[in-house]
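# Structural overview
Chain residues, written in single-letter form:
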Amino acid sequence: MQEKPKVLLVGKVRERIAERLEDEAEVVRCVAPLVPGALGPVLAAGIRGVAVSNNFGAPAIGCLPNLEIIANFGVGYDGIAVEAAAARGIVVTNTPDVLNDEVADSAIGLLLNTLRRFPEAEAWLRDGRWERTGAFPLSPLTLRGRSIGIYGLGRIGLAIARRLEGFGVSISYHTRTGKPDAPYVYHPTLLGMAEAVDTLIAIVPKTPDTYKTIDATVLSALGPNGVLINVGRGWTVDEDALARALATGTIAAAGLDVFQDEPHVPEALLAAPNTCLLPHVASASVATRDAMADLVADNLLAWFRTGSPLTPVPETPVMRS
Ligand code: NDP
């Protein structure tokens, strides 16, 4: 009987991945990050596949001489050394599409919570202030009449735009290339879009080109009624500039699910009364995380069965001899 391929589960990944793999693969576990010597040479040489949650750099890849596939749990794969993988002919897969609706729903929830201050209103009720003091103060901000610019109109950005259509707001977007099929106004520059809208929703990947692109100039362009929602990556926002813009009234409010240095959240953003802050939970329902885990397992199983992974990332070749 042919030996089962060995798959390394790195760090804390969903148990469902191991359950899905166990009939056809031998599952090995290690803590993240994988460092040289952690596995011993014989075991390291036997590992053909890895399942990991966006944390597998070039040193980790270097630990596994016969690695064929890195299956990432997450659509964003900025924590995977794709260039090092590509150089060795290792396939990297991610989990696109299965989380679009959940993340888009979360973006809308965060937008409404930021504008209408529902978390504060609930705290008001639970603290007994409704009974003791009276009605919660009117929210100065509303979704009504807003003009929304989506920074990134990919799989998730499009799902956000479709939801926004139902809210009767104006919708535009900025990406590097216009999307001819999208019925929204295209802005070739982020600053141009920020000047034209009052609400910016960011859902772009972490790449060298997106680093701190939401800076003081872009925030200022949104204006004093401006609102920033970020469900992409904290990397995209200059957090110091954002804290200043919130403190000075340059913009009105921000709703953030992601931060530059997670799980650390800057004190200035925590202390600001006009922020709504979430601990990177946009895709974090059991159903959606199960679907992501299934896609991780299905990529590994498809690779070992047929040599064709289901959702390889564009940077890595698919070539199993
Ligand atoms: P896609 O690849 O489908 O979409 C990315 C979009 O960003 C495209 O429209 C692309 O258009 C645009 N884009 C990329 N680079 C730039 C740039 N430099 N300037 C302007 N636009 C750019 O990705 P998804 O929609 O599936 O996911 C987007 C990101 O969301 C993920 O990479 C991840 O980081 C984040 N995410 C966050 C989650 C959370 O829990 N908060 C959950 C899931 C995802 P074009 O190529 O034309 O520029």
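Above this text is the structure in question.
Structure report, in brief.

Calculation rules
- Residues numbered from 1 in each chain as written.
- Predicted model: local features only at pLDDT ≥ 70, side-chain atom pairs only at ≥ 80, totals over all residues.
- Heavy atoms only, no water.
- Helix = DSSP H or I, 4+ residues; strand = E, 2+ residues; numbered from the N terminus.
- Contact = heavy atoms within 4.5 Å.
- Areas by Shrake-Rupley, 256 points an atom, 1.4 Å probe, with all protein chains shown as cover.
- Lys, Arg positive; Asp, Glu negative; His and termini not counted.
- Charge placed at Lys NZ, Arg CZ, Asp CG, Glu CD.
- Near = heavy atom within 4 Å.
- Polar contact = N/O pair within 3.5 Å; in protein donor to acceptor, adjacent residues only side chain to side chain.
- Nonpolar A, V, L, I, M, F, W, Y, C, P; charged D, E, K, R; others polar.
- Salt bridge = Lys/Arg side-chain N within 4 Å of Asp/Glu carboxyl O.
- Buried < 20%, exposed > 50% of the residue type's maximum accessible area, 1.4 Å probe, protein only.

### Here we look at the overall build of the protein chain
- The number of helices and strands found in the protein chain is 13 helices and twelve strands.
- Overall, the C-alpha framework of the protein chain stretches about 70 × 50 × 35 Å when taken along its three principal axes.
- A sequence separation of at least 24 residues applies to 58% of the contacts in the protein chain between residues at least 6 apart.
- Summed over its atoms, the accessible surface of the protein chain is roughly 15,200 Å², and 55% of this surface lies on carbon and sulfur atoms.
- Between the mean site of the 28 positive side-chain charges and the mean site of the 35 negative ones, the protein chain shows a separation of 1 Å.

### With respect to the site of the ligand
- Inspection of the region around the ligand gives 28 residues, with Arg176, Thr177, Lys179, Val231 and Asp257 positioned closest.
- Histidine 280 has a polar side-chain atom sitting 3.1 Å from an oxygen atom of the ligand.
- Protein coverage of the free-state accessible area of the ligand, which is 930 Å², stands at 88%.
- Tallied by class, the residues present in the shell around the ligand amount to twelve nonpolar, ten polar and six charged.

### Side note on the pattern of salt bridges
- The full count for this structure, using the stated rule, is 17 salt bridges.
- Its salt-bridge partner being arginine 305, residue glutamate 24 comes within 2.5 Å of it at the nearest N-O pair. Of this pair, glutamate 24 sits in the loop between helix 1 (15–21) and strand 2 (26–30) while arginine 305 sits in helix 13 (residues 286–306); the two residues are 281 residues apart in sequence, bridging distant segments of the chain.
- Classification of glutamate 24 as partly exposed rests on a relative accessible area of 33%.
- Aspartate 78 is the partner of arginine 233 in a salt bridge, and the nearest nitrogen-oxygen pair spans 3.0 Å. With arginine 233 in the loop between strand 10 (227–230) and helix 11 (239–248) and aspartate 78 in the loop between strand 4 (69–72) and helix 4 (82–87), this pair connects stretches of sequence that are 155 residues apart.
- A single salt-bridge network, built from bridges that share partners, covers Arg14, Arg16, Arg20, Asp290, Asp294 and Asp298.

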